[in-house]
Structures are given as structure tokens and as C-alpha cells.
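Listed below are the residues making up each chain.
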Amino acid sequence: IIIPKSLFSLENAPTDALVGKIASLSGKVAWQSRVAPVAILINSPLKLQQGEEVDTYDNGNVTINFAQFGTITESFNTQVNLIQALPENFVIEQKQGTITFDKTGVNQTSVIALDLLINIDSGQSSIFVDKDNSKITVSIKTGLATVAFNDNANNTNVISIKSGDKYISDDNTKTRLIKKL
């Protein structure tokens, strides 16, 4: 029996995956590679690939550029995992903290924040995840976004958020509301 060699690699993302680059960083910033058991502190820009994580601490900030997507800016005390960086579907898990997205690309861009799925359609938006209190705030400065979640009856809900709106979600109580910025 001949077993074909697998093309899967723990060390490297798929060849068609987007590669990002840290454009700037300050303060305490950590990076975890696809194969590392823990994150390490970094003090200079590096390239990022699918499956890696970038974390900021008390005084940390980092800006990441993806040419085909746009810019992601992490404020202090933020954790982001680049789950999937394929051109067709760019997916980030935001575990905590604040991220500002400047989306310039046209491809699907999704953020998983606790139990909320956020699709950034266009423009500039920021997402704040308060992990300790299970709250997510999505603020749309320009452009559009869509959020999806399951309610208490386990029904799927999809809501559009437009420029000038702030969407607040409480994962504990499953309450959601939209306010003006």
C-alpha cells in the first residue's frame, strides 16, 4: 500500500493564505506561532500567518496590515487569534480587548467574539470584548457590519449595523441593543 504524502503542515499556513505584517508596535506585545506552546514577547515587526496569535498587554499597541483586507489595530490588553487567513474568508477570534478594523478589501471578513459572529462588510469599525463580563460592543464609524447569534430559544438571529451605530451584546443574559454612537 502506498500512502500519499500529506500536504498539511503545522509549521506553515496554506500556500494561498494571506500573510500579514506588523506595521508598528509599542509597549508589551506577544506573538505565538502556529506550533509554539506559549506566546513570546516581541519588539520588532514580523510577518503573520494563519493560526498565529498576537496579544497586547497593559501598555501594548500593535497595527497589522493585510494587503488584501486592510488594517487591524489592537489596543492594550487585547488577544487576537488569526484563525483563517484565506482570501475567500478571513476569520479572526477576538478573545478580549479592543480592535479597530479599517477594511479596504472586498472579501469576507469575520470576527468571532465570545458567542457573537461579526461580519465586517466595509469601512471602519471597532470591537470591544469584555471577557470578564461577557459583553461585546461593536461600533461602526463608517460602513456596514452584520452580527449573528443564537437567542435564548436557540434561534439564529442576523442583524445589520450601519454607520453611526453601536451594537451591544451581553452573552450572559442574551440581551442585545443598538444605540447611536
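Our structure is the block above this text.
What this report covers is the structure whose coordinates are included nearby. Just so it is clear, the structure is predicted and the values come from calculations on it, not from any experiment.

## What to know about the overall build of the protein chain
Here is step 1 of the chain: Of the regular secondary structure elements, the protein chain holds zero helices and 16 strands.
Here is step 2 of the chain: By the compact-globule yardstick of 16 Å for 181 residues, the protein chain fits well, its C-alpha radius of gyration being 17 Å.
Here is step 3 of the chain: With the C-alpha coordinates aligned to their principal axes, the bounding extent of the protein chain is approximately 55 × 45 × 30 Å.
Here is step 4 of the chain: Expressed as a percentage of the 181 residues in the protein chain, the buried residues total 41%.

## What to know about unusual backbone geometry
Here is step 1 of the chain: A positive phi angle, close to 65°, is found at Asn154, a residue other than glycine.
Here is step 2 of the chain: Structurally, Asn154 is set in the loop between strand E13 (144-150) and strand E14 (156-162).
Here is step 3 of the chain: Judged by relative accessible area, Asn154 falls into the exposed class, the value being 57%.
Here is step 4 of the chain: The phi angle at Lys174 is positive, at roughly 60°, despite the residue not being glycine.
Here is step 5 of the chain: Mapping Lys174 onto the fold places it in the loop between strand E15 (165-170) and strand E16 (175-180).
Here is step 6 of the chain: Judged by its relative accessible area of 24%, Lys174 is partly exposed.

## Structural notes on the side chain of Lys103
Here is step 1 of the chain: By the element assignment, Lys103 lies in strand E9 (residues 89-103).
Here is step 2 of the chain: Salt bridges are absent for the buried Lys103, whose nearest opposite-charge side chain, Asp121, sits at 5.9 Å.
Here is step 3 of the chain: Engagement of the side chain of Lys103 in a polar contact is seen with the backbone oxygen of Ile120, the distance being 2.9 Å.
Here is step 4 of the chain: A distance of 3.4 Å separates a polar atom in the side chain of Lys103 from the backbone oxygen of Asp121.
Here is step 5 of the chain: In contact with Lys103, not counting residues within four places along its chain, are Phe69, Thr109, Ile120, Asp121, Ser122 and Gly123.

## With respect to the environment of Lys21
Here is step 1 of the chain: Following the sequence through the fold, Lys21 ends up in strand E1 (residues 20-26).
Here is step 2 of the chain: In the structure, Lys21 is positioned 42 residues away from Thr63 in sequence and 8.6 Å away in space, judged by C-alpha atoms.

## Looking at the nonpolar core
Here is step 1 of the chain: With 35 residues, the main nonpolar core has Ile72, Phe101, Ile118, Ile127 and Val138 as its most contacted residues.
Here is step 2 of the chain: Looking at this core, the elements that each hand over two or more residues are strand E2 (29-32), strand E6 (61-66), strand E8 (79-86), E9, strand E10 (108-113), strand E11 (116-130), strand E12 (135-140) and E13.
Here is step 3 of the chain: The leading source of residues in this core is E11, at five residues.
Here is step 4 of the chain: The residues touching Val138, leaving out its near neighbours within four places in the chain, are Leu116, Ile118, Ser126, Ile127, Ile161, Asp165, Lys166 and Tyr167.

## Structural notes on the pairing of E15
Here is step 1 of the chain: Sheet topology places E12 next to E15; five bridges connect them, and they run antiparallel. Paired with Ser139 across the bridge in E15 is Lys166.
Here is step 2 of the chain: In the sheet, E15 pairs with E16 via six bridges, with the strands oriented antiparallel. Its bridge partner lying in E16, Ile168 is registered against Leu177.

## Some thoughts on the pairing of E11
Here is step 1 of the chain: The pairing of E9 with E11 spans seven bridges and is classified as antiparallel. The residue bridging Asp102 from the neighbouring strand is Gln124, located in E11.
Here is step 2 of the chain: Across four bridges, the pairing between E10 and E11 is antiparallel. Across the sheet, residue Ile112 finds its bridge partner in E11, namely Leu117.
Here is step 3 of the chain: Looking at chain direction, E11 and E13 are connected through five bridges and run antiparallel. Counted as the bridge partner of Leu117 is Ala148 from E13.
Here is step 4 of the chain: For E11 and E12, the ladder comprises six bridges, and the chain directions are antiparallel. Each residue of the ladder has a partner; that of Ser126, found in E12, is Ser139.
Here is step 5 of the chain: The hairpin turn running from E11 into E12, its antiparallel successor, is four residues long, and Ser134 in that turn takes a positive phi close to 55°.

Calculation notes
- Numbers given for residues are sequential positions, taken from 1 along each chain in its written order.
- In keeping with the model being predicted, local features are shown solely for residues with a pLDDT of at least 70 and side-chain atom pairs are shown and tallied solely at 80 or more, while totals for entire chains, interfaces and linings include all residues.
- Side-chain metrics rest on all non-hydrogen atoms present in the structure, leaving aside hydrogens and water.
- Comment: elements are numbered from the N terminus, with helices defined as DSSP H or I runs of at least four residues and strands as E runs of at least two.
- Note on method: radius of gyration uses C-alpha positions; expected globular size equals 2.2 Å times residues raised to 0.38.
- Each residue is assigned to one of three classes by its accessible area relative to the maximum for its type, calculated with a 1.4 Å probe on protein chains only: buried under 20%, partly exposed between the two thresholds, exposed over 50%.
- Here the positive residues are Lys and Arg and the negative ones are Asp and Glu; neither His nor the chain ends is included.
- We define a salt bridge as a side-chain nitrogen of Lys or Arg found within 4 Å of a carboxyl oxygen belonging to Asp or Glu.
- Throughout this description, a polar contact denotes any pair of N or O atoms lying within 3.5 Å of each other; where both atoms belong to protein, one of them has to be capable of donating a hydrogen while the other can accept it, and for residues adjacent in sequence the pair is counted only when both atoms sit in side chains.
- Between two residues, a contact is recorded if the distance between any of their heavy atoms is within 4.5 Å.
- Working definition of a nonpolar core: buried Ala, Val, Leu, Ile, Met, Phe, Trp, Tyr and Cys residues. They are joined through side-chain atoms within 4.5 Å.
- Two strands form a pair only when DSSP identifies at least two bridges running between them.

Shape is all these values report; function is a separate question.
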